[in-house]
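# Report on the structure
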Amino acid sequence: MDTYPIQFREEVLKKFFNHIKSGESSYVVGAPSVGKTRLMDFLMGDDPDALRQGFKPDRDRVKKHYLGDDLYAKTWLARVDMNRLRLENDWGFRFFELMLNSVLFACNRNEPADEKEKTRNEEIRVQLATLDAKVIESKDALMAHRLFEMAVTMLCHSYDVRICFLFDEFDMTYKTMPRELFSHMRAVRDANKYMVSYALFLRNLPNKLRDPLDNEDFYELISRNMIGVGPYTLQDTFHIIGQQEKRKEFELPQKPREWVCLNSGGHPGLIQALFTIFKDNAKASAQMGDINWFAGQETVREEFRKLWAGLLEDEKSGLLEFARGNINAMSPDTGKLLTAKGLLKSTATGVDFFTPLFRIWVLQQ
């Protein structure tokens, strides 16, 4: 089976699981198309390549590696998919029903090690399903909130379960969700301190999305624990290229493979675009000394268009000034965000673009 090595995204996941170990909340920030959803799938144990090949993924593999034998089994990762949130009316009812249902999903994903654990898990599942059914039947915001609190407290204090809620693509919700719901989330965490935590997957800094004073108590939970998701490391880039070779049934020669690793900067979409150019264009190998030729290819330009469209205006202007040599024109917050996203990287001589291809594209804007 072709699966991700356990060291995949290690530079991100070490920090992520260290926060879970200590019961702290955090936020994960990365640029568009940088692989946040793939990261989420991996850490949840939902290996897309294993699923594609018809294998049952090992959902405890990553948790066990980072949390150890004593902690992984009692730690639940509850993925909250905001695309499942319907907001025809009451925010409070819809949100907390989704949270409760996500806990139920996390329970259903468990793979008990023995009959005792299986019996315990089934007992929990029945209780959670009963509470969720009551919430849905009531369609009442207060009941949804109270029964969600009850479910979490039951898990933490009666069953010694630790829960981390993972919010994927949370930017719009973070901007628009009523402030009182953030207060409720903080209260649930405070009632179950070090047993409940939140991890927000975002494209932008939370203080850029919403005034921190508007949800101050919740912002305080996450503000000190930023995890940046940038392009892949060299090791992960080689792995991704290997996956492309198997899927496309085309093996890159050594020099083009090394060229793609270096000039993609590890960006997932750019890796695929450059791989496709070498596969489909017989002239590509002869052009490796001309970076401008690759920068002009439509597949490369399309990746940068998607990346550019997902950036804030001050990020765009900051990158443009940086490309022109006006380093001091960028605000510290913008520099922090661009570095966290890996669009700018530290080098032996200072700071540079993650790939020279992107510098060429930025200068054309």
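Overview of the structure.

What counts and how
Residue numbers restart at each chain and count upward from 1, following the sequence in its written direction. Selection of residues for local features in this predicted model requires a pLDDT of at least 70, selection of side-chain atom pairs for listing and counting requires 80 or more, and totals for whole chains, interfaces and linings are taken over all residues. Remark: hydrogens and water are excluded; side-chain values derive from all non-hydrogen atoms of the structure. Secondary structure follows DSSP: runs of H or I at least 4 residues long count as helices, runs of E at least 2 residues long count as strands, and numbering of each begins at the N terminus. The buried label applies to any residue whose accessible area, calculated with a 1.4 Å probe on protein chains only, is under 20% of its type's maximum; exposed applies above 50%, and partly exposed to all values in between. Whether two residues are in contact is decided by their heavy atoms, any of which lying within 4.5 Å being enough. How far a helix is expected to stretch is found by multiplying one less than its residue total by 1.5 Å. Between 30 and 60 degrees the pair is tilted, below 30 it is stacked and above 60 it is edge-to-face, where a pair is any two Phe, Tyr or Trp rings, Trp via its six-membered ring, whose centres lie within 6.5 Å. Both a distance and an angle decide whether a charge sits over a ring: NZ of Lys or CZ of Arg must be within 6 Å of the ring centre and within 35 degrees of the ring normal. By definition, two strands form a pair when at least two bridges between them are found by DSSP. The working definition used for a salt bridge is a side-chain nitrogen of Lys or Arg within 4 Å of a carboxyl oxygen of Asp or Glu. Helix axes use the C-alpha atoms of the stretch in contact, all axes being lines fitted to C-alpha atoms, and the angles between their N-to-C directions lie in the range 0 to 180 degrees. What sets the label is the angle itself: under 35 degrees gives roughly parallel, over 145 gives roughly antiparallel, 65 to 115 gives roughly perpendicular, and the rest give oblique. Take the far helix as the reference: if the near one is turned anticlockwise from it by less than a right angle, the crossing is left-handed, and if turned clockwise, right-handed. Throughout this entry, Asp, Glu, Lys and Arg are counted as charged residues, while Ala, Val, Leu, Ile, Met, Phe, Trp, Tyr, Cys and Pro are counted as nonpolar. The remaining residues, Gly among them, count as polar.

### Some thoughts on the side chain of Lys316
Counting through the fold element by element, Lys316 comes out in helix α17 (residues 313–323). Among the residues examined, Lys316 registers a relative accessible area of 15% and is labelled buried. The residues contacting Lys316, other than those within four sequence positions of it, are Trp308 and Leu311.

### Notes on helix α14 (residues 268–280)
Over its 13 residues, α14 extends 18 Å from the first C-alpha to the last, a length consistent with the 18 Å expected when each residue adds 1.5 Å. Looking only at α14, the buried set comprises Pro268, Gly269, Leu270, Ile271, Ala273, Leu274, Phe275, Ile277 and Phe278. Check the buried side of α14 and you find it contacts α12 (234–248), α13 (254–264), α15 (291–295), α16 (298–309) and α19 (356–363).

### Remarks on the packing of aromatic side chains
Inspection of the entire model under this criterion finds 29 aromatic pairs. With a centroid separation of 5.2 Å and an interplanar angle of 90°, the aromatic rings of Phe16 and Phe17 are classed as edge-to-face. In this structure, Phe16 and Phe17 share a single accessibility class: buried. Pairing Tyr174 with Phe182 gives two aromatic rings, centres 5.3 Å apart and planes at 70°, and the pair type is edge-to-face. Each member of the aromatic cluster is reached from another via a ring pair, and the members are Phe95, Phe96, Phe148, Phe165, Phe167, Phe170, Tyr174, Phe182, Tyr198 and Phe218. Here Arg84 stacks its cationic end above the ring of Phe105, 4.6 Å away from the centre of that ring.

### Some remarks on helix α5 (residues 91–109)
The α-helix winds at 3.6 residues per turn, so residues separated by three or four positions along the chain end up facing the same way. Taking 1.5 Å per residue, 19 residues should reach 27 Å; α5 reaches 27 Å between its end C-alpha atoms and fits that length. The buried count for α5 comes to 16 of 19 residues, which makes it a mostly enclosed element.

### Considering the pairing of strand β4 (residues 196–202)
Summarising burial for β4: seven of the seven residues are buried, a large majority. Every second residue of β4 is oriented toward a common face, with Val196, Tyr198, Leu200 and Leu202 on one face and Ser197, Ala199 and Phe201 on the other, all of them buried. Where strand β1 (residues 26–30) meets β4, four bridges bridge the pair, whose relative direction is parallel. Note on β4: the bridge partner recorded for Val29 is Leu202. One ladder, built from five bridges, connects strand β3 (residues 162–168) with β4; its direction is parallel. Each residue of the ladder has a partner; that of Ile163, found in β4, is Val196.

### A short note on the pattern of salt bridges
For the structure on display, the rule yields 28 salt bridges. Asp314 is paired through a salt bridge with Lys208; the nearest N and O atoms lie 2.6 Å apart. With Asp314 in helix α17 and Lys208 in helix α10 (residues 206–209), the pair connects residues that are 106 residues apart, well separated along the chain. By sharing partners, the salt bridges in this structure join Arg186, Arg189, Asp190 and Glu220 into a single network.

### Regarding the packing of α12 against α14
Across the interface, α12 lies against α14 with an axial gap of 11 Å and an inter-helix angle of 45°. Judged by the angle between their axes, α12 and α14 are oblique. Considering the relative orientation of α12 and α14, their crossing is right-handed. For the pair α12 and α14, contact is made by Thr237, Ile240, Ile241, Gln244, Glu245 and Lys248 and by Ile271, Gln272, Phe275, Thr276 and Lys279, respectively. Its residues assigned to classes, the contact of α12 with α14 comprises four nonpolar, four polar and three charged.

### Considering the packing of helix α1 (residues 10–21) against helix α2 (residues 36–44)
Contact geometry for α1 and α2: axes closest at 12 Å, N-to-C directions at 60°. Compared by their axis directions, α1 and α2 come out oblique. α1 and α2 meet at a crossing whose hand is right-handed. Contacts between α1 and α2 involve Val12, Leu13, Phe16 and Phe17 from the first element and Leu39, Phe42 and Leu43 from the second.

### Digging into the side chain of Asn204
Here Asn204 is to be found in the loop between β4 and α10. What makes Asn204 buried here is its relative accessible area of 7%. In this structure Asn204 touches Val29, Asp171, Leu209, Leu312, Glu315, Leu337 and Lys341, once residues within four positions along its chain are discounted.

### A word on the environment of Phe95
With respect to the helices and strands, Phe95 occurs in helix α5. Residue class for Phe95 comes out buried when judged on its relative accessible area of 0%. The residues touching Phe95, leaving out its near neighbours within four places in the chain, are Met82, Leu85, Phe167, Met177, Leu181 and Met185.

### A few points about the sheet that holds strand β2 (residues 75–81)
Taken in spatial order, the five strands of this open sheet run β2-β3-β4-β1-β5, and their pairing is parallel. For this open sheet the edge positions go to β2 and β5 (226–229), each flanked by a neighbour on one side alone. Neighbour to neighbour, the strand axes of the sheet diverge by 20° on average, direction disregarded. In this structure, β1 lies alongside β5, joined through four bridges in parallel fashion.

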